[in-house]
Amino acid sequence: MEHNSRPITVDAEPYIARLRTQMAEAWGHAQAALALAHEEIAVRAAREADLERRIAELEATIAELRGTSTRP
């Protein structure tokens, strides 16, 4: 087997540019996914707070109907 002693050269710029583009796209996708997750968490928290408020109102109504108010 014959070895070639000459160095192999490659123009890396197109590969670097393509990698840069892929990384920018991946970063954009990651940021979009993160923003969506934050929005979903905020919506879930608001929904849970609304449910807790409604439950408290219903419990207070039940207590009033029973004659033992839980309201201050």
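Residues numbered from 1 in each chain as written. Predicted model: local features only at pLDDT ≥ 70, side-chain atom pairs only at ≥ 80, totals over all residues. Heavy atoms only, no water.

**Re a nonpolar patch on the surface**
Together, Ile 8, Val 10 and Tyr 15 give the surface a local cluster of nonpolar side chains, amounting to about 380 Å² of exposed area. With respect to the element layout, Tyr 15 can be found in helix α1 (residues 13-66). The exposure class assigned to Tyr 15 is partly exposed, which follows from its relative accessible area of 49%. (Patch = residues over 30% accessible without salt bridge, like charges linked within 9 Å, V, L, I, M, F, W, Y side chains within 5 Å. Areas by Shrake-Rupley, 256 points an atom, 1.4 Å probe, with all protein chains shown as cover. Salt bridge = Lys/Arg side-chain N within 4 Å of Asp/Glu carboxyl O. Helix = DSSP H or I, 4+ residues; strand = E, 2+ residues; numbered from the N terminus. Buried < 20%, exposed > 50% of the residue type's maximum accessible area, 1.4 Å probe, protein only.)

**Describing α1**
Here α1 is 54 residues long and its end C-alpha atoms lie 79 Å apart, about the 80 Å a rise of 1.5 Å per residue gives. Looking one or two residues beyond α1, the residue adopting positive phi is Gly 67, at roughly 95°. (Expected span 1.5 Å × (residues − 1).)

**Points about the pattern of salt bridges**
In total, this model carries three salt bridges according to the counting rule given. We note a salt bridge from Arg 53 to Asp 50, for which the minimum N-O separation is 2.5 Å. Linking Arg 53 with Asp 50, this pair stays in helix α1, spanning three residues, or about one helical turn. For Arg 53, a relative accessible area of 42% translates into the label partly exposed.

**What to know about the environment of Glu 59**
Structurally, Glu 59 can be placed in helix α1. Owing to a relative accessible area of 51%, Glu 59 belongs among the exposed residues under this scheme. Counting along the chain gives 31 residues from Glu 59 to Gly 28, while the straight-line C-alpha distance between them is 46 Å.

**Section: the environment of Arg 66**
Structurally, Arg 66 can be placed in helix α1. Its relative accessible area of 68% is what places Arg 66 among the exposed residues. Taking the C-alpha atoms as reference points, Arg 66 and Leu 19, 47 residues apart in sequence, are found 70 Å from one another.

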